[in-house]
Amino acid sequence: MERARFIVIGITDHPAPWFSPEVLDVIRHGRIFSGGRRHHEIVAPLLPEDAEWIDITVPLDAVFEKYQELSIANCQLPFIIFASGDPLFFGFANTIKRKMPEAEIVLYPSFNSLQMLAHRLVMPYHDMRVVSLTGRPWPEFDRALIERTEKIGILTDKEHTPAAIAQRMLEYGYTYYKMYVGEHLGNPQQEKVSTLTLEEAAQHEFSMPNCVILESIQKALELCSLATKGTQEPSLLCTFGIPDSEFALLDGREKMITKMPIRLLTLQALELPNHRVFWDIGFCTGSVSIEARLQFPHLQIEAFEIRPECEGIINKNARRFGAPGINIHIGDFLIQDISNLPHPDAVFIGGHGGKLKEIMEKVLTVLSDDGVIVFNSVIAPKVTTDSQKLWNEACEELSLQQEQPLHIQLNDNHPITILKCKK
């Protein structure tokens with residue numbers, strides 16, 4: 001059977017688009033066309049009288065089922081697709097390649113929206129990091145912020161608007177950017193380009209479609225310099241290890257936080273550079289989750305805590321240190337539904353309430369084959385439960401392989417043993 005053929009034509013929002021003679025000839029001889037409803041409105045005057053149009057709407061599976069049916073019935077005819085900008089730039093050509101990998105694809109790209117906005121601003125964009133929030137959640141954008149990216153291009157949608165983006169940045173302290181917004185780029189009647197502060201953007205309504213470019217007002221090295229001189233909030237890009245005194249604590253109890261050197265050794269034991277999903281069970285102040293988020297922003301972090309008052313504490317600390325994107329779960333871990341959560345490959349147990357083995361047993365139902373579990377055992381006179389003994393018993397009963405423990409004592413604090421095991 002012959003492969004399905006797609007000719008994908010990139011267009012802008014211009015109501016009277018210009019096409020090369022070659023593309024006009026493709027349209028003139030076509031019969032099956034497809035694209036968004038907005039695209040149909042733009043190109044309808046150019047389509048042949050007998051043209052058949054397929055709207056690209058969700059669910060996309062239904063759209064591709066229609067393509068498959070028509071491909072069988074009209075095996076010699078190509079599908080002529082109209083798509084925004086460059087169809088390979090987070091565009092529909094990528095979807096065709098994923099859904100119908102054997103299909104033949106011919107492309108006639110146009111400028112994508114971020115290119116057009118950069119052109120309007122006469123802004124070089126070879127150094128711009130691109131993040132798509134179109135139908136996607138925040139993590140990649142959060143990562144770009146945490147890594148102090150100096151120029152970020154963002155594709156938006158009705159939920160992730162320029163105002164929502166600005167509000168998130170202000171909430172987590174990323175205030176040293178200015179925002180450029182391009183609305184209806186390519187449409188001479190509606191196109192608008194704005195330059196705003198984040199405070200202005202957060203209060204503004206923008207028409208769709210639009211896109212955003214963020215540009216740092218200060219270079220990352222300048223931010224470090226200002227932070228070290230005490231003239232600006234500390235930039236965590238410049239530090240490895242957050243001082244314990246900077247955290248909001250549970251009832252002001254200094255002992256209810258994993259101390260910074262122990263925290264960093266714990267992160268090292270978790271092998272986080274090589275893992276993707278980190279679970280922090282018993283997060284309390286959130287110090288381990290926050291440190292992990294800032295040092296390894298590629299991670300997806302799920303943080304669990306039984307005490308409801310800790311939710312406000314971790315949220316306060318996450319905003320204080322600019323660590324968005326930590327997913328918080330409040331309640332007893334042993335009765336929480338974890339079936340829909342991403343499976344972890346790194347787990348830290350910061351608190352267990354005497355049920356260490358039960359927690360480890362539940363973790364093992366979802367832990368990846370190459371996953372690790374780390375636990376810090378405190379040796380203190382008033383602690384009646386020997387947590388290292390509980391750990392050893394659990395590892396033996398659950399057939400887990402322990403690694404060499406690490407014993408450490410900081411100043412006059414109680415000795416701690418960092419314990420680690422794998423399947």
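See the structure shown above.
Within every chain, residues take consecutive numbers counted from 1 along the sequence as written. Whole-chain, interface and lining totals are the exception, using all residues; otherwise, since this is a predicted model, local features are given only for residues with pLDDT of at least 70 and side-chain atom pairs are given and counted only at 80 or more. With hydrogens and water stripped out, all remaining heavy atoms of the structure feed into the side-chain values.

Trainee: Would you mind showing me how to read the overall build of the protein chain here?
Mentor: What counts as a helix is a DSSP run of H or I of at least four residues, what counts as a strand is a run of E of at least two, and both are numbered from the N terminus. In terms of regular secondary structure, the protein chain is built from 14 helices and 18 strands. Along the first, second and third principal axes, the C-alpha atoms of the protein chain reach 85 × 55 × 30 Å. Per-residue burial over the protein chain gives 50% buried out of 423 residues. Across the protein chain, contacts joining residues at least 24 apart in sequence account for 67% of those joining residues at least 6 apart. Note on areas: Shrake-Rupley with a 1.4 Å probe; residue coverage comes only from the protein chains shown. Carbon and sulfur atoms form 51% of the exposed surface of the protein chain, whose accessible area is close to 21,000 Å². Placing the 40 positive and 55 negative side-chain charges of the protein chain at their respective mean positions leaves the two points 2 Å apart. Exposure categories follow from relative accessible area, calculated using a 1.4 Å probe and restricted to protein chains: below 20% of the type maximum is buried, above 50% is exposed, and the middle band is partly exposed. Any two residues having at least one pair of non-hydrogen atoms within 4.5 Å are treated as being in contact. The positive count covers Lys and Arg only, the negative count covers Asp and Glu only, and His and the chain ends enter neither. Charge coordinates come from a single atom per side chain, which is NZ of Lys, CZ of Arg, CG of Asp or CD of Glu.

Trainee: Can you help me understand the sheet that holds strand S5 (residues 104-108) in this one?
Mentor: Sheet strands pair by backbone hydrogen bonding; their relative direction is either parallel or antiparallel. Reading across the sheet, the 5 strands line up as S3-S2-S4-S1-S5 and stay open at both edges, with parallel pairing between neighbours. Unpaired on one side and paired on the other, strand S3 (52-55) and S5 mark the two borders of the sheet. Averaged over all pairs of adjacent strands, the angle between strand axes in this sheet comes to 25 degrees, irrespective of strand direction. With 6 bridges connecting them, strand S1 (residues 5-11) and strand S4 (residues 79-84) associate as parallel partners. Each bridged residue has a counterpart across the sheet, and for Ile7 the counterpart in S4 is Ile80. Lines fitted to C-alpha atoms define the axes, with helix axes restricted to the stretch in contact, and inter-axis angles between N-to-C directions lie between 0 and 180 degrees. On the sheet, helix H3 (residues 60-73) packs against S1, strand S2 (32-35), S3 and S4 and is oriented at approximately 150 degrees with respect to S3. Here a strand pair is declared whenever DSSP counts at least two bridges between the two strands.

Trainee: Could you clarify how one ought to interpret the sheet that holds strand S9 (residues 192-197) in this entry?
Mentor: Taken in spatial order, the 5 strands make up an open sheet running S6-S7-S10-S8-S9, and their pairing is mixed. The open sheet terminates on both sides in strands that have one partner only, identified here as strand S6 (129-132) and S9. Each strand of the sheet is rotated relative to its neighbour by a mean of 20 degrees, with strand direction disregarded. The sheet contact formed by S6 and strand S7 (residues 151-155) spans 4 bridges and is parallel. Paired with Ser132 across the strands is Leu155, a residue of S7. Contacts from helix H6 (residues 139-146) reach S6, S7, strand S8 (177-183) and strand S10 (210-216) within the one sheet, and its direction differs from that of S6 by about 150 degrees. With respect to the sheet, helix H7 (residues 162-171) is in contact with S7, S8 and S10, its orientation differing from that of S8 by roughly 170 degrees.

Trainee: Which parts of the structure should I look at to understand the packing of aromatic side chains?
Mentor: A ring pair, where both rings are aromatic, is described by two values, the distance of the centres and the angle of the planes. Pairing of aromatic rings covers Phe, Tyr and the six-membered ring of Trp, with a centre-to-centre limit of 6.5 Å; geometry is then stacked below 30 degrees between planes, edge-to-face above 60, and tilted otherwise. What the rule picks out here adds up to 17 aromatic pairs. Measuring from centroid to centroid gives 5.1 Å for Trp279 and Phe304, while their planes differ by 55 degrees, and the two rings are tilted. Highlighted residues: Trp279 in strand S11 (residues 277-281) and Phe304 in strand S12 (residues 300-305), separated in sequence by 25 residues. The exposure class of Trp279 is buried, given its relative accessible area of 0%. On the basis of relative accessible area, Phe304 is assigned to the buried category, the value being 1%. Ring centres 6.3 Å apart and planes at 75 degrees place the aromatic pair Trp279 and Phe333 in the edge-to-face group. With Trp279 in strand S11 and Phe333 in the loop between strand S13 (326-330) and strand S14 (346-349), the pair connects residues that are 54 residues apart, well separated along the chain. Assessed through its relative accessible area of 5%, Phe333 is described here as buried. Members of the aromatic cluster, joined through ring pairs, are Phe6, Phe64, Tyr67, Phe79 and Phe92. Criterion for a charge above a ring: Lys NZ or Arg CZ within 6 Å of the ring centre, and within 35 degrees of the ring normal. Here the guanidinium or amino end of Lys362 rests over the ring plane of Phe333, the centre of that ring lying 5.2 Å away.

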